[in-house]
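Working through the structure, step by step
Here are the chains, one letter per residue:
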Amino acid sequence: MRKKIVAGNWKMNVDLNESTDLIKSIKKIYDHNIDVEVCIAPSFPFLKESTELCQGEKIKVLAQNVNDNLKGAFTGEVSIHMLKSINVDGVILGHSERREYYNEDDDLLLRKLKVSLKNNFKVYFCIGESLEDREKNNHFEKVKNQLDKTVFKIDNIDPENLVIAYEPIWAIGTGLTASPEQAQEIHKYIRNLLSERYGKKISDNTSIIYGGSVKPNSARDIFEKQDVDGGLIGGASLSPQDFIDIVRSI
Ligand code: 13P
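Residues numbered from 1 in each chain as written. Predicted model: local features only at pLDDT ≥ 70, side-chain atom pairs only at ≥ 80, totals over all residues. Heavy atoms only, no water.

So, the environment of Lys4
We count it as follows: Comment: elements are numbered from the N terminus, with helices defined as DSSP H or I runs of at least four residues and strands as E runs of at least two. Exposure classes here rest on a 1.4 Å probe applied to the protein chains alone. A residue is buried below 20% of its type maximum, exposed above 50%, and partly exposed in between. Contacts are residue-level and defined by heavy atoms, with any inter-residue pair within 4.5 Å sufficient.
Examined against the element boundaries, Lys4 turns out to sit in the segment before β1 (5-9). You can call Lys4 partly exposed: its relative accessible area is 31%. If we skip the residues at most four places from it in the chain, Lys4 touches Asp35, Val36, Glu37, Phe223, Val228, Asp229 and Ile250.

Structural notes on the nonpolar core
Note that soluble globular proteins tend to have their nonpolar side chains buried in a common cluster. Under the convention used in this document: Here the nonpolar core consists of buried residues drawn from Ala, Val, Leu, Ile, Met, Phe, Trp, Tyr and Cys, with membership extended through side-chain atoms lying within 4.5 Å.
Among the nonpolar cores identified, the biggest contains 65 residues, and Ile40, Phe125, Val151, Ile190, Tyr210 and Phe243 are the most heavily contacted of them. Here Ile190 is in contact with Ile127, Val143, Leu147, Ile164, Tyr166 and Ile208, once residues within four sequence places are set aside. Ala7, Ala41, Val163 and Leu232 belong to the second-largest nonpolar core, a separate cluster that totals 12 residues.

As for the side chain of Ser79
Note on placement: Ser79 falls in the loop between β3 (59-63) and α3 (80-85). Setting aside its immediate chain neighbours within four residues, Ser79 contacts Val66, Asn69 and Leu70.

Observations regarding the site of the ligand
Heads up, the condition is: We call a residue near a molecule or strand whenever a single non-hydrogen atom of that residue lies within 4 Å of it. In protein, a polar contact requires one atom able to donate a hydrogen and another able to accept it; more generally it is a pair of N or O atoms within 3.5 Å, and residues adjacent in sequence count only if both atoms are side-chain atoms. In this classification, the charged set is Asp, Glu, Lys and Arg, the nonpolar set is Ala, Val, Leu, Ile, Met, Phe, Trp, Tyr, Cys and Pro, and all remaining amino acids, among them Gly, are polar.
For the ligand, the full set of nearby residues is Asn9, Lys11, His95, Glu167, Ala171, Ile172, Gly173, Gly212, Ser213, Leu232, Gly234 and Gly235. Ser213 is positioned such that a nitrogen or oxygen atom in its backbone is 2.7 Å from an oxygen atom of the ligand. One of the backbone nitrogen or oxygen atoms of Gly235 is found 2.8 Å away from an oxygen atom of the ligand. Grouping the constituent residues of the shell around the ligand by class yields three nonpolar, seven polar and two charged.

Concerning the pairing of strand β2 (residues 37-41)
Quick reminder of the rule: Strands were regarded as paired on the criterion that DSSP finds at least two bridges between them. Crossovers are marked right-handed if the path from the first strand over the helix to the second runs clockwise, as seen with the strands pointing away from the viewer.
Counted residue by residue, β2 has five buried out of five residues, so it is predominantly covered. Taking every second residue as pointing to the same face, both faces of β2 are buried, with Glu37, Cys39 and Ala41 on one and Val38 and Ile40 on the other. Relative to β2, β1 runs parallel, the two being bridged by five bridges. Its bridge partner lying in β2, Ala7 is registered against Cys39. Note on the crossover from β1 through helix α1 (residues 16-29) to β2: the handedness is right-handed. Where β2 lies against β3, three bridges are found, and the strand directions are parallel. If you follow Val38 over to β3, its bridge partner there is Ile59. Each parallel crossover has a hand, and for β2 linked through helix α2 (residues 47-54) to β3 it is right-handed.

Quick word on the sheet that holds strand β6 (residues 162-166)
Put simply, the rule reads: Throughout, an axis means a line fitted to C-alpha atoms (over the contacting stretch in the case of helices), and angles, computed between N-to-C directions, take values from 0 to 180 degrees.
Strand order in the closed barrel made by the eight strands is β1-β2-β3-β4-β5-β6-β7-β8, with parallel pairing throughout. Each strand axis lies, on average, 25 degrees off the axis of its neighbour in the sheet, ignoring direction. Against the sheet, helix α8 (residues 180-198) touches β5 (122-127), β6 and β7 (208-211), its axis set at about 145 degrees to β7. Docked against the sheet, helix α11 (residues 240-248) engages β1, β2 and β8 (230-233), running at close to 160 degrees with respect to β1.

Topic: the packing of α1 against α2
This is how it is decided: Note on terminology: angles under 35 degrees are roughly parallel, angles over 145 are roughly antiparallel, angles of 65 to 115 are roughly perpendicular, and the others are oblique. Definitions for this section: a left-handed crossing has its near helix turned counterclockwise from the far helix by less than a right angle. A right-handed crossing has that turn clockwise.
Running from amino to carboxyl end, α1 crosses α2 at an angle of 20 degrees, the nearest separation of the two axes being 10 Å. Judged on the interaxial angle alone, α2 and α1 are roughly parallel. α2 is crossed by α1, and the crossing has right-handed handedness. In this structure, α1 uses Leu16, Ser19, Thr20, Ile23, Lys24 and Lys27 to contact α2, whose residues at the interface are Glu49, Ser50, Leu53 and Cys54. For the contact of α1 with α2, the residue count by class is four nonpolar, three polar and three charged.

Side note on the pairing of β8
Regular strands have side chains that alternate between both faces of the sheet. Every second residue of β8 is oriented toward a common face, with Gly230 and Leu232 on one face and Gly231 and Ile233 on the other, all of them buried. In this sheet, β8 lies alongside β1 in parallel orientation, the contact comprising four bridges. Each residue of the ladder has a partner; that of Ala7, found in β8, is Leu232. In terms of strand pairing, β7 meets β8 through two bridges, oriented parallel. Note on β8: the bridge partner recorded for Gly211 is Leu232. One crossover worth recording links β7 to the parallel β8 by way of helix α10 (residues 216-223), and it is right-handed.

That's the geometry; what it means functionally is another story.
Below you can see the structure in the form of structure tokens.
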């Protein structure tokens, strides 16, 4: 059975005190009995404190990026080993903000994906189309193309170590959410692609989560859809109450 997952991507929004307060507040209201993998993705400088605060809490701590090399002269970069040494559980890769503002193309993302999976570092891999793609009805082709050039280049995937996050760019930070039907339609399409590439068992066990302006009042209808296994939450994850309300919507 695939996992239900709700992950908060804090992006570049909080400092040390705010990050600590957020975790403490989430811990206070988080119900450990809910069968959901809850993740938070603070910024690099706060990861160590975050993993310490989340120890024994069933809250996974993710990085927002990682380098595609394991070690060496790469000034300003952070490796998987560094992240693992402070108990970080995984990494968000392929986010549209990294693709767009930091020129992370499919080749680089494939290298990051390969090195992460090879080193048993869980990846939450984002794909999604632009507004232009959607308006031209190119969204299916776009996500297939993104997968063909990255994930599908890998011969064996382990659903324990790879989550797909469908995040339509037009819905990120805009207040526009894909309708539950739009989300279901493309999640099902992605699951079918996974099935064609890796077989039904892998496809059935791979979590596909939705991201893009998910709020407490929209989460339930989206999460209810059969092929939507949770969410990758930006803005709403900065409010502990909203974040936990979204977790509870699963
Ligand atoms: P918002 O929820 O703010 O739209 O952000 C979504 C996102 O980019 C999560 O990675």
